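Here's the letter readout for the chains.
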Amino acid sequence: MQKILNISAIIIIVLIIVSIFSVKHFSTKKANIYGPTMMASSNKLLAIDTGKTLYVFDKDGKTTARKTYQELGIPPEVSKMQLLDNTLYLAMSDDGSLYSCDLTSWKCGILPGFSNVARDSFGFIITEKYIYITDTSRHTFKTFYKNGTLIGDSRGTPVPLCYPNQLSLINGELYAADTNNHRLALIDITNPEKVKVDTTIAVTGNNKTWEVIMSDRNLPSWCAPISDKIFGENGDAYFERALDFNEKMIPSAHKLARRGSVWPTAFAYDHNKNWWILIGGNNLRNSDVLIYEDGKAIKRINENMEKFDPVDINLFQQDMLVSDFASMQVLKFSESGNWMGEFGELDFQHDMRDLKKIKDRYSFYVSISQKMIYFLIFFVIVIVILDKIYKKES
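Below, the structure is looked at part by part.

So, how was this worked out
- Residues numbered from 1 in each chain as written.
- Predicted model: local features only at pLDDT ≥ 70, side-chain atom pairs only at ≥ 80, totals over all residues.
- Heavy atoms only, no water.
- Helix = DSSP H or I, 4+ residues; strand = E, 2+ residues; numbered from the N terminus.
- Buried < 20%, exposed > 50% of the residue type's maximum accessible area, 1.4 Å probe, protein only.
- Contact = heavy atoms within 4.5 Å.
- Areas by Shrake-Rupley, 256 points an atom, 1.4 Å probe, with all protein chains shown as cover.
- Core = buried A, V, L, I, M, F, W, Y, C linked by side-chain atoms within 4.5 Å.
- Pairing = 2+ DSSP bridges.
- Axes fitted to C-alpha atoms, helices over the stretch in contact; angles between N-to-C directions.
- Salt bridge = Lys/Arg side-chain N within 4 Å of Asp/Glu carboxyl O.
- Patch = residues over 30% accessible without salt bridge, like charges linked within 9 Å, V, L, I, M, F, W, Y side chains within 5 Å.
- Phe/Tyr/Trp six-rings, centres within 6.5 Å; stacked < 30°, edge-to-face > 60°.

1. A short note on the overall build of the chain
- Counting its secondary structure elements, the chain contains five helices and 25 strands.
- Put simply, the chain has 394 residues, and 49% of those count as buried.
- Of the contacts formed within the chain by residues at least 6 apart in sequence, a portion of 48% connects residues at least 24 apart.
- With an accessible surface of roughly 20300 Å², the chain has 53% of that area assigned to carbon and sulfur atoms.

2. A closer look at the nonpolar core
- Counting residues in each nonpolar core, the largest one holds 20 residues, and the members touching the most others are Leu54, Tyr69, Ile74, Met81, Leu88 and Leu90.
- Looking at this core, the elements that each hand over two or more residues are β3 (53–57), α2 (69–72), β5 (78–84), β6 (87–92) and β7 (97–102).
- Leaving out residues up to four positions away in the same chain, leucine 90 has contacts with Tyr69, Ile74, Val78, Lys80, Met81, Ser97, Leu98, Tyr99, Cys101 and Phe124.
- Counting residues in hydrophobic clusters, the runner-up holds 16 residues, among them Leu184, Ala257, Ile277 and Ala297.

3. Brief notes about the sheet that holds strand β11 (residues 140–145)
- In spatial order, the strands read β9-β10-β11-β12; together these four strands make up an open sheet with antiparallel pairing. Each edge of the open sheet is held by one strand with a lone partner, namely β9 (122–126) and β12 (150–154). Within this sheet the neighbouring strands show an average axis-to-axis angle of 15 degrees, counted without direction.
- Here strand β10 (residues 130–135) runs beside β11; their pairing, made up of six bridges, is antiparallel. Residue pairing across strands places tyrosine 132 opposite threonine 143, the latter belonging to β11.

4. Re the pattern of salt bridges
- Enumeration according to the criterion identifies nine salt bridges in this entry.
- The partner of aspartate 309 in a salt bridge is arginine 285, and the shortest N-O contact between them spans 2.6 Å. One end of the pair, aspartate 309, is in the loop between β21 (296–300) and β22 (310–316); the other, arginine 285, is in the loop between β19 (275–280) and β20 (288–293), with 24 residues separating them in the sequence.
- For arginine 285, a relative accessible area of 39% corresponds to the partly exposed category.
- Several salt bridges share partner residues, and in doing so they unite Asp135, Arg138 and Lys142 into one network.

5. Concerning a nonpolar patch on the surface
- A cluster of nonpolar residues, Tyr374, Ile377, Ile381, Ile385, Leu386 and Ile389, forms a patch on the protein surface that exposes about 570 Å² of accessible area.
- With respect to the helices and strands, leucine 386 occurs in helix α5 (residues 346–393).

6. Quick notes on the packing of aromatic side chains
- Tallying each qualifying case throughout the model produces 19 aromatic pairs.
- Through successive ring pairs, a cluster of aromatic residues spans Tyr55, Phe57, Phe316, Phe343 and Phe348.

7. Regarding unusual backbone geometry
- Despite not being glycine, aspartate 85 has its phi angle at roughly 55 degrees, a positive value.
- Position of aspartate 85 among the secondary structure elements: in the loop between β5 and β6.
- On the basis of relative accessible area, aspartate 85 is assigned to the exposed category, the value being 69%.
- If you check the backbone angles, methionine 328 has positive phi at about 55 degrees while not being a glycine.
- Its location among the elements puts methionine 328 in the loop between β23 (319–324) and β24 (329–333).

8. Remarks on the side chain of serine 261
- One can find serine 261 in the loop between β17 (238–240) and β18 (263–269).
- Residue serine 261 is classed as buried on the basis of its relative accessible area, which comes to 3%.
- Not counting chain neighbours up to four residues away, the residues in contact with serine 261 comprise Ala253, His254, Ile279, Gly280, Gly281, Asn286 and Asp288.

9. A look at the pairing of β12
- Pairing geometry for β11 and β12, over four bridges, is antiparallel. Across the sheet, residue threonine 143 finds its bridge partner in β12, namely glycine 152.
- Linkage of β11 to β12, two consecutive antiparallel strands, is achieved through a turn of four residues, within which glycine 148 is found at a positive phi near 100 degrees.

10. Some details on the sheet that holds strand β15 (residues 183–187)
- Across the sheet, which stays open at both edges, the three strands sit in the order β13-β14-β15 with antiparallel pairing between neighbours. Two strands bound the open sheet, and with one partner strand each, they are β13 (164–170) and β15. The average angle at which neighbouring strand axes cross in this sheet is 25 degrees, direction not considered.
- Looking at chain direction, strand β14 (residues 173–178) and β15 are connected through five bridges and run antiparallel. The partner of leucine 174 across the bridge, within β15, is isoleucine 187.

11. Considerations on the environment of lysine 59
- Take lysine 59: it is sitting in the loop between β3 and β4 (63–68).
- Excluding anything up to four places from it in sequence, lysine 59 contacts Asn43, Lys44, Phe316 and Gln317.

12. A look at the side chain of asparagine 274
- Tracing the sequence through the fold places asparagine 274 in the loop between β18 and β19.
- Asparagine 274 sits in the buried class, given a relative accessible area of 4%.
- Excluding anything up to four places from it in sequence, asparagine 274 contacts Ala268, Tyr269, Ile291, Tyr292, Glu293 and Glu335.

The structure is reproduced here in structure tokens:
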């Protein structure tokens, strides 16, 4: 009897180790499948990143190209994209570099002068003369000449930037998703050479949109710079001032958003002069997309969606496109916020469904392996009890 118990214990321990390895293995496999994430559009083309593959569509939504990042020779970790004519620019968080791809010849590489311009993920916008970059983890806004010469690097005043993400030029003004300040910031670029950064609330005329967005924001900033004192002017160390919170200091979501959705990461501006703002939840997941018109929120587009995890928003032709991590689809909405179905041809839609099936399969394997661990632990306890009983009787 003792020999049987010993052999059983060894087998169970081996199975527990195998199950733990399986959880880790399949969790990693699952994490490497993304589906549609970042998007960029021009008048004629739309580019969609799906993790390891880049798709390009024409104005009718037909797929014109499908390229893996391995084919293109660039790392597969896109944080933002911009499409100008036939050139696609990509911010790669893997090495913090700005890449360009000619969509005609498909020659890709780091844009000269823009290697390692950010620590990890970053937002950017390219104009006729300048390239502006938000170095997200360093909480800074950078201005470059297009040849790569850095003109200025600033945290912004009077409220320092805090994990700034997307940059967009709208009606000649530059806006940033200032994520951890719970706002969209207007950045003053009237004199880029002097790099004056003004991160005040963007209120123009009678438009009180940003006052609405800021109505629930209670902290001046969550990012307190300490690098100047410790590392000098070129330092980039920060700490989060997320201490000593009381109930009144916790940012609350806008009344249309779900509780905890306070982290803006992406936004778009439609033809009706409405603002579409993606407001993230905890860990920037399970976000909401709110539409603002004339300074007030008019709709949450995902109100009737049980599972919705938007990553990016992009206006293409007359549709607002939202990449949904949960369903692994690019969803189409009218500019009034009505759901219009799934974007793309059947081949693209089938590719995304195949990715989702693979991810769901890995999720299933992880779940089974976890349950197996609990099951085996139960048997370990049973063996220990039997062993004690046997020894007592002996």
